[in-house]
Each structure stands twice: as C-alpha cells, then as structure tokens.
Amino acid sequence: MSNMINIALPKGRLGDKVYDMFEKAGFECPAIREKNRKLIFENPEAGVRYFWVKPSDVAIYVERGAADIGVAGKDILMEAGTDVYELLDLNVGKCTMAVAGPAGFSYDRSNELRVATKFVNVAREFYAASGTDIDIIHLNGSIELAPILGLSDVIVDLVETGTTLKENNLEVIDVIADISARLISNKSSFKFKTKQIVDISRRLESVIED
Amino acid sequence: MKINEEIFSNKEKAMFALRQLYAKHGFSMYRMSKFEEFGLYAENMDFLDSGQIITFTDTDGMLMALKPDVTLSIVKNNRHIGNRIIKLYYNENIYRVSPKTRFFKEIMQVGLECLGAVDDACISEVLLLAAESMKVLSDEAKLDVSNLDILTQLFESCGVTRETEEQITMCISSKNAHGLERICRAADLGPARAELLKTLVTTYGSPEEVIPKLEKSFLDNSLFTFEEKDSFRKSIGALRKIVDAFREAGLEDMLNIDFSVVSDLKYYNGIIFKGFVAGVPDGVLSGGQYDKLMKRMKRTSRAIGFGVYMDNLGKLSKFDGEEVEIGE
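Residues numbered from 1 in each chain as written. Chains lettered and ligands numbered in written order. Predicted model: local features only at pLDDT ≥ 70, side-chain atom pairs only at ≥ 80, totals over all residues. Heavy atoms only, no water.

(A) Representation of the side chain of glutamate 144 of chain A within the structure. Residues and elements named next belong to chain A. Topologically, glutamate 144 is positioned in the loop between β8 (134–138) and α5 (145–148). No salt bridge is formed by the buried glutamate 144; its nearest oppositely charged neighbour, lysine 118, is found at 8.8 Å. Discounting residues that sit within four places of it in the chain, glutamate 144 has contacts with Ile155, Asp157, Thr164, Leu165 and Leu170. (Helix = DSSP H or I, 4+ residues; strand = E, 2+ residues; numbered from the N terminus. Buried < 20%, exposed > 50% of the residue type's maximum accessible area, 1.4 Å probe, protein only. Lys, Arg positive; Asp, Glu negative; His and termini not counted. Salt bridge = Lys/Arg side-chain N within 4 Å of Asp/Glu carboxyl O. Contact = heavy atoms within 4.5 Å.)

(B) Structural detail: the packing of aromatic side chains. Per the stated rule, a full pass over the model turns up 17 aromatic pairs over all chains. With a centroid separation of 5.2 Å and an interplanar angle of 75°, the aromatic rings of tyrosine 85 of chain A and phenylalanine 190 of chain A are classed as edge-to-face. Residue tyrosine 85 of chain A is located in strand β5 (residues 85–89), and its partner phenylalanine 190 of chain A is located in helix α7 (residues 187–192); the two are separated by 105 residues in the primary sequence. For the pair shown, tyrosine 85 of chain A and phenylalanine 190 of chain A are each scored as buried. Note on phenylalanine 218 of chain B and phenylalanine 232 of chain B: the rings are 4.8 Å apart at their centroids and 45° apart in plane angle, and the pair reads as tilted. (Phe/Tyr/Trp six-rings, centres within 6.5 Å; stacked < 30°, edge-to-face > 60°.)

(C) Summary view of the sheet that holds strand β2 (residues 35–37) of chain B. Residue and element names in this part refer to chain B. The sheet built from three strands is open, its strands ordered β2-β4-β3 with antiparallel pairing. Only two strands of the sheet have a single partner each, and these edge strands are β2 and β3 (55–57). This sheet shows a mean twist of 40° between the axes of neighbouring strands, independent of strand direction. Sheet analysis places β3 next to strand β4 (residues 63–66), joined by three bridges and oriented antiparallel. Pairing of threonine 57 across the sheet is with leucine 63, part of β4. (Pairing = 2+ DSSP bridges. Axes fitted to C-alpha atoms, helices over the stretch in contact; angles between N-to-C directions.)

(D) Here's a closer look at the packing of helix α1 (residues 10–24) of chain B against helix α4 (residues 120–137) of chain B. Residue and element names in this part refer to chain B. Relative to each other, α1 and α4 sit at 150°, their axes nearing to 10 Å. Taken together, the axes of α1 and α4 lie roughly antiparallel to each other. The handedness of the crossing between α1 and α4 comes out as right-handed. Taken together, the residues of α4 that come into contact with α1 (itself represented by Ala14, Ala17, Leu18, Leu21 and Tyr22) are Leu129, Glu132, Ser133, Val136 and Leu137. Counted by class, the contact of α1 with α4 contains eight nonpolar, one polar and one charged residues. (Parallel < 35°, antiparallel > 145°, perpendicular 65-115°, else oblique. Left-handed = near helix turned anticlockwise from the far one by under 90°. Nonpolar A, V, L, I, M, F, W, Y, C, P; charged D, E, K, R; others polar.)

(E) Just helix α1 (residues 13–24) of chain A, in detail. All names here are of chain A. Counted at 1.5 Å a residue, the expected span for α1 with its 12 residues is 16 Å, and the 17 Å between its end C-alpha atoms agrees. Looking at α1, one finds that the buried residues are Gly15, Val18, Tyr19, Met21 and Phe22. One side of α1 holds all its buried residues, which, seen down the axis, span an arc of 155°. In α1, the exposed residues that point more than 90 degrees away from the buried face are Arg13 and Lys24. Buried residues in α1 make contact with β1 (5–10), β3 (48–53), β4 (69–73), β11 (181–185) and α8 (194–205). Two residues or fewer past α1, glycine 26 is found with a positive phi of approximately 105°. (Expected span 1.5 Å × (residues − 1). Arc of directions from axis to C-beta.)

(F) A look at the pairing of β3 of chain A. Residues and elements named next belong to chain A. Buried residues dominate β3, accounting for six of its six residues. Residues Val48, Tyr50 and Trp52 of β3 are buried on one face, and the alternating residues Arg49, Phe51 and Val53, pointing to the opposite face, are buried as well. Judged from the six bridges that link them, β1 and β3 form a sheet pairing that is parallel. Residue pairing in the sheet places asparagine 6 in a bridge with arginine 49 of β3. With four bridges joining them, strand β2 (residues 40–43) and β3 adopt antiparallel strand pairing. What sits directly across from asparagine 43, in β3, is valine 48. Here β2 folds back onto β3 in antiparallel fashion, the turn holding four residues, of which glycine 47 has a positive phi close to 75°.

(G) Geometry of the nonpolar core. Counting residues in each nonpolar core, the largest one holds 104 residues, and the members touching the most others are Tyr22, Leu127, Leu197, Phe218, Phe273 and Phe306 of chain B. Take this core: its biggest share by element is 10 residues, from α4 of chain B. Inspection of this core shows a minimum of three residues originating in each of domain 1 (1–138 + 279–328) and domain 2 (141–277) of chain B. The contacts of tyrosine 22 of chain B, once residues within four sequence positions are left out, are Phe27, Tyr89, Val110, Gly111, Leu112, Leu129, Ser133, Phe306 and Val308 of chain B. By size, the runner-up hydrophobic cluster in this structure holds 30 residues, among which are Phe41, Tyr50, Ile69 and Leu183 of chain A. (Core = buried A, V, L, I, M, F, W, Y, C linked by side-chain atoms within 4.5 Å. Domains from an automatic or database assignment.)

(H) Focus on a nonpolar patch on the surface. Judged by side-chain polarity, Leu145, Ile148 and Leu149 of chain A come together as a nonpolar surface patch covering roughly 300 Å² of accessible area. Along the chain, isoleucine 148 of chain A falls in helix α5. (Patch = residues over 30% accessible without salt bridge, like charges linked within 9 Å, V, L, I, M, F, W, Y side chains within 5 Å. Areas by Shrake-Rupley, 256 points an atom, 1.4 Å probe, with all protein chains shown as cover.)

Read these as layout, nothing more, since geometry by itself doesn't imply function.
Rendered as structure tokens:
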C-alpha cells in the first residue's frame, strides 16, 4: 500500500484557496501552479499527491477511497450523506444554506409548500422535522428564478451575501446550516495512514484564519 | 473428487475460510429461508440501516420480505435459550438498499451470533474471532472497538433531548470536533461536559494510549457522583478485558479503541466494533452486543454477534490470508 496521501481538491476558486492553505501548512507542490491540463500533481518528499475534481465529486472520491482525504463543502456532505470523517472546518468558502422566498411571504399550511432546490435531501429532511407537506422541485441552477416565475413558493439554496436575493425581491426565511469547506477523510485510509492524515490535519488547523 | 482451488474466486475462498474458522471454534451452521414475514421488520425497522425492504405477497396472502438482515431472524427463531450460550454462524445473502447507490443490492454476509448467558469470556471470544476473521481476509487489518455504554452514561448525565443525542452521535461517528462544539454550545451543555464529549472524538488509537486517557477524563472527574464513576469504571474495565484477551492471543497490534464506531442506542449496548482492511474503503466487518434488541423481542438473555460483508472484499487485490484447504 502506497504511503503517499492522495488528496482530492475541488476545482475552481475554492480549490485555489484551499491549496494555498496546504502550501502554507508545508505540503507544497509547485507544479500545481503551472497552467496546464495535468490532473495529478505529486510531491514525493512531502508525501502528497493532489488531484483536481469537480467540487461535488470530492466526497465520492474520498468515500470510495480513490482519495485518502479531500476538501468538500458542507452543503455537499449534507446532501449526499457521505460516510467519511469530517476532520476540520477550514473556515473558507463560507455561506449559509437557507430557505428564501418573496419578501413578506408567509406559509399558511393550507396547501402543500412548493420548494425548488438543488439540495433535495437537505430540504426534505428540514421540512420533515416540522411535519410540513412539501412538493420538491429539483432544479440544477438559477434557483432564484423559481419563485419569481411562480414555479415554487420558496427555495432552499446557498446564500453568500444575499445580494442576488435582494435584487430579485427575495429574502431569507430560515437558516438551515452554516456552510464552509471541510477537510474529510476516508474512514479506512484513516486507520492505516493515521499518522500522516493527523499530521496534515493538525498543520492545516494551524493555518486556518478566523 | 479433489476440487482445484483455483476455480474459486477470492470471495469464495474467504467465505469458506471463515466458515471453517467458526466451525473450528464450536459454532453451528444456521441455515435460513430467503424469505421472512414482513411483520418482523415492521416492528424493528430502525434496526435495519435502511427502512426499505423488498416485499411480496405469498400464495396464502401473507406479506413476505426478502431478508434484509440475519440477526432478527436468528433471535426470532431461538426462543428458549435458558442458561446456556447458543453459538451459531451463517452464510446468507441479504437484500438491502446500498447507501451509496440508493438501489437494492444482494449482499453476501458471513457472520456469527452468540445468544444466551453471554459473559466477559464470550464477548472476548467473539472479538478475537472477529480479529481472526480479519486476518483471514488480509494481513493488514484493524479492529476498532468502542463501548457504547460510555456514551449512553454520558448522555444520561447530560440530560439532553433525543434529537441532540442523535446530532452528537453523528459528530462522534464522523470525528467532527468542530460540529460537536457547536451542538454542545447550542444545547448549553457547559464546558466540562462538552470537553468530555470531545474526548470521545479526539481519543482513539492503541489501547495503551487511550485507556489511561479515558480513566483520567472520566474517573478523575468531579462532575460525576460515586455511582456514575463506578459505571464508567465498569465500562472502561470491559474494554480492558478485551485488550488483555488480545494481548494474550498476540493480536494486540490489530486493536484500536475508537468511539467513532457507533450503533443505534435503541438496539445496541456495551462493546461494539468495526473491522477495516487496508485497500478496502469501507468497513468489512461490523458487530456488537445487542441485549436491548433481545429485550425488545421479549428475550431475557443477552447477545453478541458480527457480520462480514463479503461484497466489500471485491476490492482486495488478492486473497492474502491463510491458505484454505477445500477438502475432497
């Protein structure tokens, strides 16, 4: 079994930020900064091998052991119910998972509540807790459009600054969870590479900014 | 006829080796029908990982299920246990929804159950057999052991709601110290109890390191009454007995104490465990004491058992355990 730690990073802005943290923590891999189409980058001295994957796929790579550790948004972990260890809150990529609807909207329970969202499982669980009957509308993007066009009553979505909501005359009705990037580990990898994974986690913890 | 061993797949070789191991230790083979009355599961739905079951109506109008689990059937079919220990092993296919794909899957499971006057010696024997089972599968294996009673006692002392208990359990199972901290703050648990719960997340590894830390955190703690400390002492003592048995058997390197192994508190109690093999991303073995399930099913005796999930072994590149003789 290779002793290198395979690390799945989310492609995009968040991934760049997270890689900076790994670099600061002493797990640099200069080749990663080069602009090319390579997908895998290694630094044998630091014992790490990075690869970029679609942000929503990081948890799958880690859960299935293709990566030992990775960085995924809490939103993705909540939605997929991934069976992994969640070792650190990296305090980047911060936003909230919220219910939003037209300004002044109030639900009177006379009808089924129509909820548009990308996060079907999170929404279902949230409303099940209050026994609310909902009709889930699964969308893949531009969720804010749904209540404006009457497709749904409310939406469950990520809210960063609230500007998009405001510009479309929508407002937050309920906050479901605080979201940020999390360091996750495959459970089996953690048993056999404990020392290396704990070392990465501790050193990353020391570079987390408030 | 001598059967050529090469004809067997890794999974089949492992399956025979495990059956041989359990038979050698005095366990009897227990065969079951593929079907079971649905009512058995309807009454114990939470015991199953997923509430979804494949059902059909039999020719007599009875609602039946394709078995999603073996333990419930074994308990159901063993009513009069008395003062002895019934030792059984099985090799069955079960039908469950895979949490990963969310589709039904046929899973081959090999496992064993002890029902009856289960004592410390029996618990140690079952854990050693779990470790031996792991060795059959791979030379690089770990058995994570926890005592669920420590968490149960801590919950009793905290007096939190069932919902908070579930959230805390989820954080412990995912080693999520930051999430746990938030839940403890929201539930107003106070720093001392929050710290103890955090201990269950941050304390794991070899028993020599973990047990002294547990004793310091739980037994030298002014938070608890004499009776509470005594309960914790017993629970830590139960872990110690297993460590001693492993040391005697020369298997101590395989043993980890890890509280991230959790099971449903409504059914399980005491010692619970999970086995991992290098190169296989999921746990391949899982088990524990289930006296609470026995009580729910109106049995007065105790029970412990485990199952090995053969389907997870597909990822093993080779069967590198002991050589298995298939016989004539």
